[in-house]
Amino acid sequence: MTEKQFDAIAYFKQLTEENITCRLYNFVATTCSGPDTVQGVMLQFRRTANFVMVSDTVDSNTHSVGDGFFDRNVFTVWILAAYKQDDMADREEKLNVCRYIFRQFLSRLLHDKEMEIYDDQMEFLDLTHVYSTELGRWSMNGVTGLYFMVTSDEPVDLQYDESLWQKQ
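For the structure given in this document, a descriptive report is provided here. (Residues numbered from 1 in each chain as written. Predicted model: local features only at pLDDT ≥ 70, side-chain atom pairs only at ≥ 80, totals over all residues. Heavy atoms only, no water.)

### A closer look at the packing of aromatic side chains
Thinking step 1. With the rule as written, the count across this model stands at 8 aromatic pairs.
Thinking step 2. Pairing Phe6 with Tyr11 gives two aromatic rings, centres 5.4 Å apart and planes at 55°, and the pair type is tilted. Side by side, Phe6 and Tyr11 carry an identical accessibility label, which is buried.
Thinking step 3. With a centroid separation of 4.9 Å and 50° between ring planes, the pair formed by Phe102 and Phe148 is classed as tilted. Of this pair, Phe102 sits in helix α4 (residues 88-114) while Phe148 sits in strand β6 (residues 143-156), placing them 46 residues apart in sequence.
Thinking step 4. On the accessibility criterion, Phe148 (0% relative accessible area) is buried.
Thinking step 5. Pairwise contacts between aromatic rings join Phe6, Tyr11, Phe12, Phe75, Phe102, Phe105 and Phe148 into one cluster. (Phe/Tyr/Trp six-rings, centres within 6.5 Å; stacked < 30°, edge-to-face > 60°. Buried < 20%, exposed > 50% of the residue type's maximum accessible area, 1.4 Å probe, protein only. Helix = DSSP H or I, 4+ residues; strand = E, 2+ residues; numbered from the N terminus.)

### Thoughts on the pairing of strand β3 (residues 59-65)
Thinking step 1. Here 7 bridges tie β3 to strand β4 (residues 68-82), and the two strands are oriented antiparallel to one another. The partner of Val65 across the bridge, within β4, is Gly68.
Thinking step 2. Following β3, the chain reverses through 2 residues before pairing antiparallel with β4; Gly66 in that reversal takes a positive phi of roughly 65°. (Pairing = 2+ DSSP bridges.)

### Here we look at the packing of helix α1 (residues 8-18) against α4
Thinking step 1. Direction vectors running N to C along α1 and α4 enclose 120°, while the axes themselves pass 11 Å from each other. The orientation of α1 with respect to α4, classified from their angle, is oblique. The interaxial crossing formed by α1 with α4 has right-handed handedness. Here α1 contributes Tyr11, Phe12, Gln14, Leu15, Thr16 and Glu18 to the contact with α4, which in turn contributes Phe105, Arg108, Leu109 and Asp112.
Thinking step 2. Here the residues of the contact of α1 with α4 sort into 5 nonpolar, 2 polar and 3 charged. (Axes fitted to C-alpha atoms, helices over the stretch in contact; angles between N-to-C directions. Parallel < 35°, antiparallel > 145°, perpendicular 65-115°, else oblique. Left-handed = near helix turned anticlockwise from the far one by under 90°. Contact = heavy atoms within 4.5 Å. Nonpolar A, V, L, I, M, F, W, Y, C, P; charged D, E, K, R; others polar.)

### Some words on the pairing of strand β2 (residues 50-55)
On a regular strand, each side chain points to the face opposite its neighbour's, so the side chains alternate between the two faces of the sheet.
Thinking step 1. Burial runs high along β2: 6 of the 6 residues are buried.
Thinking step 2. Here β2 shows two buried faces, one formed by Asn50, Val52 and Val54 and the other by Phe51, Met53 and Ser55.
Thinking step 3. The sheet contact formed by strand β1 (residues 27-32) and β2 spans 6 bridges and is parallel. By the bridge assignment for β2, Ala29 is matched with Val52.
Thinking step 4. Two elements, β2 and β4, share 5 bridges in a ladder whose sense is antiparallel. By the bridge assignment, Val54 is partnered in β4 with Val77.

None of this, on its own, says anything about what the molecule does.
Here it is in C-alpha coordinates:
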(Lines give C-alpha, C1' and ligand atoms only; values in the text may rest on other atoms or scores of the structure.)
Protein backbone atom coordinates (compact mmCIF):
# COMPACT_ATOMS: atom_id res chain seq x y z
CA MET A 1 0.00 0.00 0.00
CA THR A 2 1.32 3.39 -0.92
CA GLU A 3 1.81 6.07 1.73
CA LYS A 4 1.24 8.87 -0.78
CA GLN A 5 -2.49 8.44 -1.40
CA PHE A 6 -4.13 11.65 -2.58
CA ASP A 7 -6.45 13.11 0.09
CA ALA A 8 -9.08 14.67 -2.17
CA ILE A 9 -11.34 15.79 0.69
CA ALA A 10 -8.65 17.78 2.46
CA TYR A 11 -7.25 19.13 -0.80
CA PHE A 12 -10.54 20.48 -2.20
CA LYS A 13 -11.59 21.79 1.21
CA GLN A 14 -8.37 23.82 1.24
CA LEU A 15 -8.93 25.01 -2.34
CA THR A 16 -12.48 26.11 -1.50
CA GLU A 17 -11.25 28.07 1.51
CA GLU A 18 -8.38 29.71 -0.40
CA ASN A 19 -10.15 30.48 -3.68
CA ILE A 20 -11.25 34.12 -3.96
CA THR A 21 -14.25 33.30 -6.17
CA CYS A 22 -15.43 30.61 -3.74
CA ARG A 23 -15.10 33.08 -0.88
CA LEU A 24 -16.89 35.84 -2.82
CA TYR A 25 -19.87 33.57 -3.51
CA ASN A 26 -19.80 31.89 -0.09
CA PHE A 27 -19.06 28.35 -1.28
CA VAL A 28 -18.73 25.82 1.53
CA ALA A 29 -16.73 22.59 1.25
CA THR A 30 -18.47 19.42 2.37
CA THR A 31 -18.60 15.71 1.58
CA CYS A 32 -21.12 13.32 0.09
CA SER A 33 -21.17 9.65 -0.86
CA GLY A 34 -22.19 10.16 -4.45
CA PRO A 35 -25.09 11.98 -6.11
CA ASP A 36 -27.77 10.09 -4.21
CA THR A 37 -26.41 10.95 -0.78
CA VAL A 38 -25.80 14.65 -0.51
CA GLN A 39 -26.09 14.73 3.27
CA GLY A 40 -23.40 17.41 3.59
CA VAL A 41 -25.54 19.79 1.56
CA MET A 42 -28.77 18.91 3.33
CA LEU A 43 -27.22 19.55 6.74
CA GLN A 44 -26.17 23.07 5.70
CA PHE A 45 -28.82 24.03 3.14
CA ARG A 46 -30.56 26.61 5.35
CA ARG A 47 -27.28 28.39 6.11
CA THR A 48 -25.64 28.43 2.68
CA ALA A 49 -26.57 27.93 -0.96
CA ASN A 50 -23.28 27.14 -2.70
CA PHE A 51 -21.18 24.03 -2.22
CA VAL A 52 -18.06 22.21 -3.26
CA MET A 53 -18.75 18.58 -2.40
CA VAL A 54 -16.15 15.84 -2.53
CA SER A 55 -17.31 12.25 -2.58
CA ASP A 56 -15.97 10.33 0.41
CA THR A 57 -16.04 7.13 -1.66
CA VAL A 58 -14.03 6.45 -4.81
CA ASP A 59 -14.58 4.32 -7.85
CA SER A 60 -11.50 2.25 -8.50
CA ASN A 61 -10.05 -0.62 -10.46
CA THR A 62 -6.81 -2.53 -10.33
CA HIS A 63 -5.02 -2.84 -13.63
CA SER A 64 -1.70 -3.94 -15.05
CA VAL A 65 0.77 -1.80 -16.92
CA GLY A 66 3.58 -4.06 -18.11
CA ASP A 67 4.82 -5.98 -15.09
CA GLY A 68 3.42 -3.58 -12.49
CA PHE A 69 -0.07 -3.16 -11.05
CA PHE A 70 -1.88 0.04 -10.20
CA ASP A 71 -5.05 1.05 -8.37
CA ARG A 72 -6.88 3.63 -10.46
CA ASN A 73 -8.92 5.75 -8.07
CA VAL A 74 -11.51 8.18 -9.40
CA PHE A 75 -12.25 11.19 -7.19
CA THR A 76 -15.53 13.03 -7.84
CA VAL A 77 -16.01 16.71 -6.97
CA TRP A 78 -19.30 18.62 -7.25
CA ILE A 79 -19.54 22.40 -7.60
CA LEU A 80 -23.14 23.42 -6.90
CA ALA A 81 -24.93 26.76 -6.65
CA ALA A 82 -28.54 27.58 -5.84
CA TYR A 83 -30.49 29.84 -8.18
CA LYS A 84 -33.86 31.61 -8.01
CA GLN A 85 -36.68 29.19 -8.74
CA ASP A 86 -37.83 29.31 -12.40
CA ASP A 87 -35.30 32.06 -13.23
CA MET A 88 -33.26 30.70 -16.12
CA ALA A 89 -31.11 33.84 -16.36
CA ASP A 90 -30.09 33.41 -12.71
CA ARG A 91 -29.48 29.70 -13.36
CA GLU A 92 -27.15 30.52 -16.26
CA GLU A 93 -25.30 33.11 -14.16
CA LYS A 94 -24.78 30.63 -11.31
CA LEU A 95 -23.73 27.87 -13.74
CA ASN A 96 -21.12 30.24 -15.18
CA VAL A 97 -19.75 30.82 -11.67
CA CYS A 98 -19.46 27.05 -11.20
CA ARG A 99 -17.71 26.71 -14.58
CA TYR A 100 -15.30 29.46 -13.62
CA ILE A 101 -14.46 27.79 -10.29
CA PHE A 102 -13.96 24.48 -12.10
CA ARG A 103 -11.37 26.07 -14.41
CA GLN A 104 -9.66 27.70 -11.42
CA PHE A 105 -9.52 24.35 -9.62
CA LEU A 106 -8.03 22.69 -12.70
CA SER A 107 -5.36 25.35 -13.02
CA ARG A 108 -4.51 24.93 -9.33
CA LEU A 109 -4.32 21.14 -9.69
CA LEU A 110 -1.91 21.53 -12.60
CA HIS A 111 0.16 24.07 -10.67
CA ASP A 112 0.32 22.02 -7.48
CA LYS A 113 1.21 18.80 -9.30
CA GLU A 114 3.97 20.51 -11.27
CA MET A 115 5.37 22.19 -8.16
CA GLU A 116 5.30 18.84 -6.30
CA ILE A 117 3.41 20.35 -3.41
CA TYR A 118 1.66 18.15 -0.81
CA ASP A 119 4.46 15.63 -0.15
CA ASP A 120 4.12 13.84 -3.50
CA GLN A 121 0.44 13.01 -2.86
CA MET A 122 -0.35 14.30 -6.35
CA GLU A 123 2.43 12.37 -8.07
CA PHE A 124 0.09 9.83 -9.68
CA LEU A 125 -2.79 12.16 -10.62
CA ASP A 126 -3.71 12.01 -14.30
CA LEU A 127 -4.65 15.54 -15.32
CA THR A 128 -4.46 14.89 -19.07
CA HIS A 129 -8.13 13.82 -19.11
CA VAL A 130 -10.49 15.37 -16.56
CA TYR A 131 -14.09 14.33 -17.17
CA SER A 132 -16.83 16.82 -16.26
CA THR A 133 -20.63 16.95 -16.59
CA GLU A 134 -22.97 19.87 -16.06
CA LEU A 135 -26.31 19.37 -14.36
CA GLY A 136 -29.35 19.65 -16.59
CA ARG A 137 -32.10 22.16 -15.86
CA TRP A 138 -34.21 19.62 -14.02
CA SER A 139 -31.49 17.60 -12.25
CA MET A 140 -31.85 19.22 -8.83
CA ASN A 141 -34.65 21.61 -8.06
CA GLY A 142 -33.20 25.14 -7.79
CA VAL A 143 -29.56 23.99 -7.98
CA THR A 144 -27.15 24.11 -10.89
CA GLY A 145 -23.51 23.27 -11.33
CA LEU A 146 -21.30 20.46 -12.45
CA TYR A 147 -19.21 17.60 -11.27
CA PHE A 148 -15.79 16.50 -12.40
CA MET A 149 -13.62 13.47 -11.89
CA VAL A 150 -9.88 13.24 -11.37
CA THR A 151 -8.04 9.91 -11.56
CA SER A 152 -4.95 8.75 -9.75
CA ASP A 153 -3.02 5.62 -10.77
CA GLU A 154 -1.17 4.55 -7.66
CA PRO A 155 1.18 1.55 -7.66
CA VAL A 156 0.00 -1.43 -5.65
CA ASP A 157 2.11 -4.34 -4.42
CA LEU A 158 0.44 -7.61 -5.43
CA GLN A 159 3.34 -9.92 -4.60
CA TYR A 160 2.15 -13.27 -3.32
CA ASP A 161 3.08 -13.86 0.33
CA GLU A 162 2.90 -17.53 1.36
CA SER A 163 2.81 -16.57 5.06
CA LEU A 164 -0.66 -15.05 4.61
CA TRP A 165 -2.18 -18.40 3.63
CA GLN A 166 -2.98 -21.43 5.73
CA LYS A 167 -3.14 -24.78 3.98
CA GLN A 168 -6.07 -27.03 4.86
